[in-house]
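As a plain string of letters, each chain reads:
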Amino acid sequence: MAANDGGAGEVAAATEAHRLDKKWTFWFDNQSKPKQGAAWGNNLRNVYTFDTVEEFWCLYDQVFKPSKLPGNADFHMFKAGIEPKWEDPECANGGKWTVTSSRKAGLETMWSETLMALIGEQFDDADEICGVVASVRQRQDKLSLWTKNAANEAAQMSIGRKWKEILDVTDKITYNFHDDSKTRLSKGRYSV
Ligand code: MGP
């Protein structure tokens, strides 16, 4: 009897999901066929919110790989409750670090490394982070790491340095304030 109980307990433990520190949401935006006059974000979709390692791997493997994206489309993984828009209150005073990639394989690796670093809470300033966006564009693919308080230079520099380390990137990367992007002033405010 006792042996049976132990066996059942082991099965239960083996099938128990591994819970993450926080909930995250995957989003998808297809900007390739915008309707005439449609506002930006019209095709932005909140796809799935998860909080276990098992759900993450399933979603990543089956769906959220940049190689599956058509041109001019984006995948996002943001903290649950934060929308990947400048208008979201958590993003409104923020900005983003951007890394570009001319190779599809490069984008894919950087995306997966970033997702794992986020769900694994590898950033010291994790509270400052909103999420990450993978963008497939004709010119150049890119990843953007969105943060909350653009004016907090020390926090942004720490995040930028850590991100480069995670990605094993040696080229300079730059940080833009969303407020500048709104006016299409694309000058980087910080670089690392
Ligand atoms: P983008 O998709 O971030 O960059 O923004 P893309 O397509 O690589 O082009 P880039 O050369 O401008 O970098 C493209 C445009 O979409 C912006 O100039 C805005 O007009 C609009 N846009 C993008 N975002 C992230 C937002 C947003 O959060 N809110 C609003 N209202 N418009 C946005």
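Computed from a predicted model, the values in this text were never measured in an experiment.

Visitor: Give a description of the nonpolar core that names residues and reports values.
Guide: Grouped together as the largest cluster of nonpolar side chains are 40 residues, with contacts concentrated most on Met77, Trp97 and Trp111. In terms of residue count, the dominant contributor to this core is helix 3 (residues 104-119) (7 residues). Excluding anything up to four places from it in sequence, Met77 contacts Trp24, Thr25, Phe26, Phe50, Phe56, Trp111, Leu115, Leu118, Ile119, Gly131 and Val132. Within the second largest apolar cluster, 8 residues are counted, among which are Phe78, Ile82, Cys91 and Cys130.

Visitor: Account for empty space enclosed by the protein, with residues named and values stated.
Guide: What the rule picks out here adds up to 1 cavity of 30 Å³ or more. Empty space within the largest cavity amounts to approximately 40 Å³. Lining the largest cavity, in full, are Lys22, Trp24, Lys79, Leu118, Glu121, Phe123, Ala126 and Ile129.

Visitor: Tell me about the packing of aromatic side chains, and name the residues and values.
Guide: In this structure the tally under the stated criterion is 15 aromatic pairs. Consider the rings of Phe56 and Trp57, whose centres lie 5.1 Å apart with planes at 70 degrees: the pair is edge-to-face. The exposure class assigned to Phe56 is buried, which follows from its relative accessible area of 1%. Pairing Phe78 with Trp146 gives two aromatic rings, centres 5.5 Å apart and planes at 75 degrees, and the pair type is edge-to-face. Here Phe78 is found in strand 3 (residues 73-79), whereas its partner Trp146 is found in strand 6 (residues 141-147), with 68 residues between them in sequence. Grouping residues by exposure puts Phe78 and Trp146 together as buried. Across from the ring centre of Phe177, 4.1 Å away, lies the NZ or CZ of Arg189, which sits over that ring.

Visitor: Talk me through the site of the ligand; I want residue IDs and the actual numbers.
Guide: Around the ligand, the neighbouring residues are Gln31, Trp40, Lys85, Trp86, Glu87, Lys96, Arg137, Arg139, Lys142, Trp146 and Arg184. Arg137 has a polar side-chain atom sitting 2.9 Å from an oxygen atom of the ligand. Taken by itself the ligand offers 620 Å² of open surface, and the protein chains cover 69% of this. In terms of residue class, the shell around the ligand is made up of 3 nonpolar, 1 polar and 7 charged.

Reading guide: rules and limits
- Residues numbered from 1 in each chain as written.
- Predicted model: local features only at pLDDT ≥ 70, side-chain atom pairs only at ≥ 80, totals over all residues.
- Heavy atoms only, no water.
- Core = buried A, V, L, I, M, F, W, Y, C linked by side-chain atoms within 4.5 Å.
- Buried < 20%, exposed > 50% of the residue type's maximum accessible area, 1.4 Å probe, protein only.
- Helix = DSSP H or I, 4+ residues; strand = E, 2+ residues; numbered from the N terminus.
- Contact = heavy atoms within 4.5 Å.
- 1 Å grid on protein atoms, 1.4 Å probe; cavity = no way out; pocket = protein on both sides within 12 Å on 5 of 7 lines; lining within 4 Å.
- Points joined across faces, edges and corners; volume = space filled by probe spheres on them.
- Phe/Tyr/Trp six-rings, centres within 6.5 Å; stacked < 30°, edge-to-face > 60°.
- Lys NZ or Arg CZ within 6 Å of the ring centre and 35° of its normal.
- Near = heavy atom within 4 Å.
- Polar contact = N/O pair within 3.5 Å; in protein donor to acceptor, adjacent residues only side chain to side chain.
- Areas by Shrake-Rupley, 256 points an atom, 1.4 Å probe, with all protein chains shown as cover.
- Nonpolar A, V, L, I, M, F, W, Y, C, P; charged D, E, K, R; others polar.

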